[in-house]
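The lines below spell out each chain.
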Amino acid sequence: MIKFLAGNKGSGKTKKLIALAHDAVKVSKGNVVCVEKGDTLTYDVDHKCRLINIEDYGIVGFDAFYGFISGLCACNYDITDVLVDSTLKIGGRDMEQFAAFIKKVAPLAEQTGITFVFSVSADAADLPADVSAIVELI
């Protein structure tokens, strides 16, 4: 399953993402992973959640980001949730590339049973229509 936290800058997406991470840790029978750009969530996310600073791995662009996420799924079958803060800062603001990325993640989510939550700094109406059809807005 793929979920989006969409909204303009300052709309509270990161706070919602942190709350979702805490909720996921409480109910997960596996591992919860939170990916961010930078290290701003270090003291906000529950210590049981694996926090990853994407900058530590030199990930630039949606293709590299997809490879990173695929690698996470391949190396740990116990992941139940992956939450990503600032998705467009990681991959770029090109909505066509973003749509292609989400279309690649969708079968991965279905195959692994992992719930992916992406925070996106854009109005929900600005998201590509073909992507909106395969995700849940929260």
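Above this note sits the structure.
My aim in this report is to walk through the structure given alongside it, one point at a time. On a predicted model such as this, the values are computed, not experimentally measured, just so you know.

1. A look at the pairing of strand 1 (residues 2–7)
Alignment of strand 1 against strand 5 (residues 115–121), held across 6 bridges, turns out to be parallel. Within strand 5, the position partnered with lysine 3 by the bridge is valine 117.

2. Considerations on the packing of aromatic side chains
The tally for this structure, following the rule as stated, stands at 8 aromatic pairs. Seen in terms of ring centroids, phenylalanine 62 and phenylalanine 98 are 5.7 Å apart; in terms of plane orientation they differ by 50°. Their pairing is tilted. Taken as a pair, phenylalanine 62 in helix 2 (residues 62–75) and phenylalanine 98 in helix 4 (residues 95–112) lie far apart in primary sequence, 36 residues in all. For the pair formed by phenylalanine 62 and phenylalanine 98, the shared burial category is buried. Both rings, one in phenylalanine 101 and one in phenylalanine 118, keep their centres 5.6 Å apart while their planes meet at 75°; by these two values the pair is edge-to-face. Of this pair, phenylalanine 101 sits in helix 4 while phenylalanine 118 sits in strand 5, and the two are 17 residues apart along the sequence. Of the residues examined, phenylalanine 101 reaches a relative accessible area of 2% and is grouped as buried. Ring-pair connections join several aromatic residues into one group, and the members of that group are Phe4, Phe62, Phe65, Phe98, Phe101, Phe116 and Phe118.

3. Quick look at the pattern of salt bridges
Under the definition given, this model contains 3 salt bridges. One salt bridge in this structure joins lysine 37 and glutamate 55, with 3.8 Å as the shortest N-O distance. Pair noted here: lysine 37 is in the loop between strand 2 (31–36) and strand 3 (50–53) and glutamate 55 is in the loop between strand 3 and helix 2, with a separation of 18 residues, a long-range link. We classify lysine 37 as partly exposed; its relative accessible area is 34%.

4. Structural notes on the sheet that holds strand 6 (residues 136–137)
On the basis of which strands lie adjacent, the open sheet formed by 6 strands has the order 3-2-4-5-1-6 and parallel pairing. Each of the sheet's edge strands pairs with one partner strand only, and the pair in question is strand 3 and strand 6. Running at roughly 150° to strand 1, helix 1 (residues 13–27) makes contact with strand 1, strand 2, strand 4 (79–84) and strand 5 of the sheet. Each of strand 2, strand 3, strand 4 and strand 5 touches helix 2; the most contacted strand, strand 5, lies at about 155° to it.

Reading guide: rules and limits
Residues numbered from 1 in each chain as written. Predicted model: local features only at pLDDT ≥ 70, side-chain atom pairs only at ≥ 80, totals over all residues. Heavy atoms only, no water. Pairing = 2+ DSSP bridges. Helix = DSSP H or I, 4+ residues; strand = E, 2+ residues; numbered from the N terminus. Phe/Tyr/Trp six-rings, centres within 6.5 Å; stacked < 30°, edge-to-face > 60°. Buried < 20%, exposed > 50% of the residue type's maximum accessible area, 1.4 Å probe, protein only. Salt bridge = Lys/Arg side-chain N within 4 Å of Asp/Glu carboxyl O. Contact = heavy atoms within 4.5 Å. Axes fitted to C-alpha atoms, helices over the stretch in contact; angles between N-to-C directions.

Read these as layout, nothing more, since geometry by itself doesn't imply function.
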